[in-house]
Amino acid sequence: MYKDMLPIGSVVLLKGGDKKIMICGRIQSKAGEDVIYDYSACYYPEGILSASSMFFFNRDAIDTVYFLGFQDKEELNYRHNVLDNLGELEIRDGAIVPKK
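Residues numbered from 1 in each chain as written. Predicted model: local features only at pLDDT ≥ 70, side-chain atom pairs only at ≥ 80, totals over all residues. Heavy atoms only, no water.

Peer 1: Lay out the pairing of strand S1 (residues 11–14) in plain terms, naming residues and giving numbers.
Peer 2: Side chains of S1 alternate between two faces, with Val11 and Leu13 and Val12 and Leu14 buried alike. Pairing geometry for S1 and strand S2 (residues 21–28), over two bridges, is antiparallel. Paired with Val11 across the strands is Met22, a residue of S2. Once S1 ends, the chain turns through six residues before running back antiparallel as S2, passing Gly16 with a positive phi of about 80°. Pairing between S1 and strand S5 (residues 62–67): four bridges, direction antiparallel. The partner of Val11 across the bridge, within S5, is Phe67. (Buried < 20%, exposed > 50% of the residue type's maximum accessible area, 1.4 Å probe, protein only. Helix = DSSP H or I, 4+ residues; strand = E, 2+ residues; numbered from the N terminus. Pairing = 2+ DSSP bridges.)

In structure tokens form, the structure reads like this:
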């Protein structure tokens, strides 16, 4: 389900966007919402300014990838062993967990 996710640190522009953002999280949810997003991001180059300046989006919202984040053996193993094997997820009691 989560194959080919961009690594942390990737810089992208969202469809309809006018400012680049940097991916700082994967498989994320906003506090108080029952939606799981592929990514969370912050402004680039400013970084995280506040909780309200974070972006949550799915891969289909990405228009342009400007920079691919750091990838080493640890990242590749994480994507293969964790992200690629997550299956269906849901939010239960405020935590992202596998669907029953």
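Peer 1: Please provide a residue-by-residue account of the nonpolar core, values included.
Peer 2: Counting residues in each nonpolar core, the largest one holds 15 residues, and the members touching the most others are Val12, Tyr39, Phe57 and Ile62. Those elements that place two or more of their residues in this core are S1, S2, strand S3 (37–43) and strand S6 (89–92). Among the elements that take part in this core, S2 stands out by supplying three residues, more than any other. Ignoring sequence-local partners within four residues, the contact set of Phe57 consists of Val12, Leu14, Ile21, Ile23, Tyr37, Asp38, Tyr39, Ala41 and Ile62. (Core = buried A, V, L, I, M, F, W, Y, C linked by side-chain atoms within 4.5 Å. Contact = heavy atoms within 4.5 Å.)

Peer 1: How would you sum up the sheet that holds S3? Please name residues and give values.
Peer 2: Ordered in space as S4-S3-S2-S1-S5, the five strands form an open sheet in which the pairing is antiparallel. The open sheet is flanked by strand S4 (55–57) and S5, the only strands paired with a single partner. On average, adjacent strands in this sheet sit at an angle of 40° to one another, irrespective of strand direction. Summarising the sheet, S2 and S3 pair through six bridges and their orientation is antiparallel. (Axes fitted to C-alpha atoms, helices over the stretch in contact; angles between N-to-C directions.)

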